[in-house]
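Read off the chains here:
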Amino acid sequence: MTVQQSGRRERKKAATRQKIADTALRLFLERGYDAVGIRDVAAEADVAVTTLFSHFASKEALVFEQDEDFEHRLTQAVSDRSPHEPLIPALRREILALVRHCTADDAAPIWRMIDASPALRKYDESVRLRHADTLARAIAADPDPTRSETAARTIARFVIDAYSLSREAPDPEAALDEIFPMIEAAWEEAARPPRHT
C-alpha cells in the first residue's frame, strides 16, 4: 500500500468517526440522551452498528469524542514545552485553552446533558481519572529528578481538578487564577527534601 493510499484511508476513517460523533450529539441534544440508542445513531449516520463500535467503545464515548485529543494536549503541554519553561505555567496555559473551549456558548447544552445523566457523569469521572493517570506519567517522565512519582500523580490530579472546577465556575479564568498558585506552591514544596521530626 502506498503512503497516499494509507493517508486517504486515515482521512476517510477520521471523517466517518466525526460524522458518527456529530450525528450522535445532534440526536442526543434533539431527543435526549436516554431516548437515543446506538442503532438510532448508526442508522442516522448511515453506518453499520459494527462500524460505530469500531470508532467508539460505548454510547457514552460518543459524547466525549474529543477525549483523546484532550489527553494528548495535556501530555504535549509537558513534553513539548521549551527546556527552560517551568511545568506549572505550561499546564495552566493548556488548561486555560481547554476550559475556554469547553465553556464556549455552543458547549453549554452538552454539559447540561452530561450533568443531567448519571451514566454520563460516571463516564466523565472515569475519563478524568484516566487523564490524571496519563498526565502523571508524562510529568514523571520529565527529566527533573527532584520530585517523586507520588508528587507527579498528585499534581496531575490537581491539574485535572482545576480543569473541572474552573469549567463549572461563573468566571473560569478567575478560578484558574485562584487555583494554579496553590498547584504551583504544592509543586515547589514537592521539590524540597523531606522534613524529619
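Here, the structure is the one placed above.
Cut-offs used in this document
- Residues numbered from 1 in each chain as written.
- Predicted model: local features only at pLDDT ≥ 70, side-chain atom pairs only at ≥ 80, totals over all residues.
- Heavy atoms only, no water.
- Axes fitted to C-alpha atoms, helices over the stretch in contact; angles between N-to-C directions.
- Helix = DSSP H or I, 4+ residues; strand = E, 2+ residues; numbered from the N terminus.
- Parallel < 35°, antiparallel > 145°, perpendicular 65-115°, else oblique.
- Left-handed = near helix turned anticlockwise from the far one by under 90°.
- Contact = heavy atoms within 4.5 Å.
- Nonpolar A, V, L, I, M, F, W, Y, C, P; charged D, E, K, R; others polar.
- Polar contact = N/O pair within 3.5 Å; in protein donor to acceptor, adjacent residues only side chain to side chain.
- Salt bridge = Lys/Arg side-chain N within 4 Å of Asp/Glu carboxyl O.
- Buried < 20%, exposed > 50% of the residue type's maximum accessible area, 1.4 Å probe, protein only.

Asks: Would you mind showing me how to read the packing of helix α5 (residues 67–79) against helix α6 (residues 87–102) here?
Replies: Packed helices, taken two at a time, are described by their axes: the angle between them and the distance between them. Orientation of α5 relative to α6, taken along the N-to-C sense of each, is 155°, at an axis distance of 8 Å. Our classification of the angle between α5 and α6 gives roughly antiparallel. Regarding α5 and α6, the two cross each other, and that crossing is right-handed. Counting all contacts with α5, which are made through Phe70, Arg73, Leu74, Ala77 and Val78, the residues of α6 involved are Leu87, Ala90, Leu91, Glu94, Ile95, Ala97 and Leu98. In the contact of α5 with α6, the residues fall into ten nonpolar, no polar and two charged.

Asks: What's the story with the side chain of Ser58 in this structure? I'm lost.
Replies: For Ser58, the location among the structural elements is in the loop between α3 (49–55) and α4 (59–63). A polar side-chain atom of Ser58 sits 3.3 Å from a polar atom in the side chain of Glu60.

Asks: Help me understand the pattern of salt bridges, please; the structure alone is not making it clear to me.
Replies: Side-chain pairs of opposite charge can arise where the charged atoms are in close proximity. For the structure on display, the rule yields 15 salt bridges. Linking Arg26 and Glu44 is a salt bridge whose minimum nitrogen-to-oxygen distance equals 3.0 Å. Of this pair, Arg26 sits in helix α1 (residues 3–31) while Glu44 sits in helix α2 (residues 38–45), placing them 18 residues apart in sequence. Classification of Arg26 by relative accessible area gives partly exposed; the value is 34%. Notably, a salt bridge pairs Glu94 with Arg73, separated by 2.6 Å at the nearest N-O pair. Of the two residues, Glu94 sits in helix α6 while Arg73 sits in helix α5, which places them 21 residues apart along the sequence.

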